[in-house]
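One-letter residues, chain by chain:
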Amino acid sequence: AQRVTQPEKLLSVFKGAPVELKCNYSYSGSPELFWYVQYSRQRLQLLLRHISRESIKGFTADLNKGETSFHLKKPFAQEEDSAMYYCALSGQAGNNRKLIWGLGTSLAVNP
Amino acid sequence: KAGVTQTPRYLIKTRGQQVTLSCSPISGHRSVSWYQQTPGQGLQFLFEYFSETQRNKGNFPGRFSGRQFSNSRSEMNVSTLELGDSALYLCASSFGSLVRSSPLHFGNGTRLTVT
């Protein structure tokens, strides 16, 4: 079955510390993976996608097919990174709308 | 450019009633997707419409239906409401082309409470 697991409901770090939000997936085939973020009182928005291999707001994520993971990392967390982060998997090749979502990780960056 | 607009923001209904939610996508976007968000299940895909045609459907009962109009606006209908239908319903629009060029843009959602 296709599934996305984010093992941490809440992650709390201090400003300047490295942060890693974990995402593991179960999918037979070549997955398309995404990280979405929701800041307080804002809409859910795309943070990054693995095919772009880009760094957004200092965040990167590498798809590890061997470990079926797509962890989100940032070397130095900032207070403005505090938000809810969702990992999502495209459940249909070439379709980024039919997404399977993790339950999310709430990141709190403390001063 | 106006974002995705969902109306109403809040709804309270009783069991057995039906409800219609509305979504206006970003101008130029032809794909509209609907998601249900609950604390226990998280975000779950309901369905996607593109050019007035349903292209994909999630694993929800037939009580959940939708449609899309020629101007790309979409409505979602839930009939014979159950307590478990209480959720935040999110709409997202995109150009609807391949994944590489078409990220989802979400609305603020409609909070449905069934009593």
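Heads up: the structure comes first, above all this text.
Residues numbered from 1 in each chain as written. Chains lettered and ligands numbered in written order. Predicted model: local features only at pLDDT ≥ 70, side-chain atom pairs only at ≥ 80, totals over all residues. Heavy atoms only, no water.

Student: Is there a simple way to think about the overall build of chain B in this case?
Tutor: Per the secondary structure count, chain B includes 0 helices and 11 strands. Start at the N end of chain B and walk to the C end: the helices and strands fall as β-β-β-β-β-β-β-β-β-β-β. Over its C-alpha trace chain B gives a radius of gyration of 13 Å, about what one expects of a compact globule, namely 13 Å for 115 residues. Dimensions of chain B, computed from C-alpha atoms along their principal axes, come out at roughly 40 × 25 × 25 Å. Within the span of chain B, comprising 115 residues, buried residues form 50% of the whole. (Helix = DSSP H or I, 4+ residues; strand = E, 2+ residues; numbered from the N terminus. Rg over C-alpha atoms; globule rule 2.2 N^0.38 Å. Buried < 20%, exposed > 50% of the residue type's maximum accessible area, 1.4 Å probe, protein only.)

Student: Please clarify how the pairing of strand β6 (residues 53–57) of chain B should be interpreted in this entry.
Tutor: Across a regular strand the side chains alternate sides, sitting on one face of the sheet and then on the other. Residues and elements named next belong to chain B. Where strand β5 (residues 42–50) lies against β6, 4 bridges are found, and the strand directions are antiparallel. Each bridged residue has a counterpart across the sheet, and for E48 the counterpart in β6 is N56. Turn length for the β5-β6 hairpin, with the two strands adjacent in sequence and antiparallel, is 2 residues, and the turn residue S51 shows positive phi of about 50 degrees. (Pairing = 2+ DSSP bridges.)

Student: Where do I start with the pattern of salt bridges in this structure?
Tutor: One pass over the full model with this rule turns up 8 salt bridges over all chains. Residue E20 of chain A is joined to K22 of chain A by a salt bridge in which the shortest nitrogen-to-oxygen separation is 3.1 Å. Judged by its relative accessible area of 29%, E20 of chain A falls in the partly exposed class. Of the charged contacts in the structure, one is a salt bridge between R55 of chain B and E48 of chain B, with a shortest N-O distance of 3.2 Å. Judged by its relative accessible area of 0%, E48 of chain B is buried. Each of E20, K22 and K73 of chain A takes part in a single network of salt bridges with overlapping partners. (Salt bridge = Lys/Arg side-chain N within 4 Å of Asp/Glu carboxyl O.)

Student: Looking at this model, I keep getting lost on the sheet that holds strand β1 (residues 5–7) of chain B. Mind explaining?
Tutor: Through backbone hydrogen bonds, the strands of a sheet pair up, either in parallel or in antiparallel fashion. Residue and element names in this part refer to chain B. Pairing is antiparallel in the open sheet, where 4 strands are placed in the order β1-β3-β8-β7. Lying at the two open borders of the sheet, with one neighbouring strand each, are β1 and β7 (64–68). The mean inter-strand angle of the sheet, taken between neighbouring strand axes irrespective of direction, is 20 degrees. Pairing analysis gives 5 bridges linking strand β3 (residues 19–24) to strand β8 (residues 74–78), with the strands arranged antiparallel. (Axes fitted to C-alpha atoms, helices over the stretch in contact; angles between N-to-C directions.)

Student: What is the right way to look at the environment of H105 of chain B in this model?
Tutor: All names here are of chain B. Secondary-structure assignment places H105 in strand β10 (residues 105–106). When its relative accessible area of 33% is taken as the criterion, H105 is described as partly exposed. It is 25 Å that separates the C-alpha atoms of H105 and P61, two residues lying 44 residues apart in sequence. Excluding its chain neighbours within four sequence positions, the residues that come into contact with H105 are V4, I26, H29, C91, A92 and S93. (Contact = heavy atoms within 4.5 Å.)

Student: Sorry if this is basic, but what is going on with the state of the cysteines here?
Tutor: Counting across every chain of the model gives 2 disulfides over all chains. Each sulfur of the disulfide joining C23 of chain A and C87 of chain A lies 2.0 Å from the other. Torsion about the S-S bond of the C23 of chain A and C87 of chain A cystine: about -65 degrees, corresponding to left-handed handedness. Here C23 of chain A is found in the loop between β3 (19–21) and β4 (24–26), whereas its partner C87 of chain A is found in strand β9 (residues 83–92), with 64 residues between them in sequence. Grouping residues by exposure puts C23 of chain A and C87 of chain A together as buried. The disulfide partner of C23 of chain B is C91 of chain B, and the gap between their sulfur atoms is 1.7 Å. When the S-S torsion is -55 degrees, as for the bridge of C23 of chain B with C91 of chain B, the disulfide is left-handed. Here C91 of chain B lies in strand β9 (residues 87–94) and C23 of chain B lies in strand β3, a separation of 68 residues in the sequence. This pair shows no difference in class: C23 of chain B is buried, exactly as C91 of chain B is. (Disulfide = S-S within 2.5 Å.)

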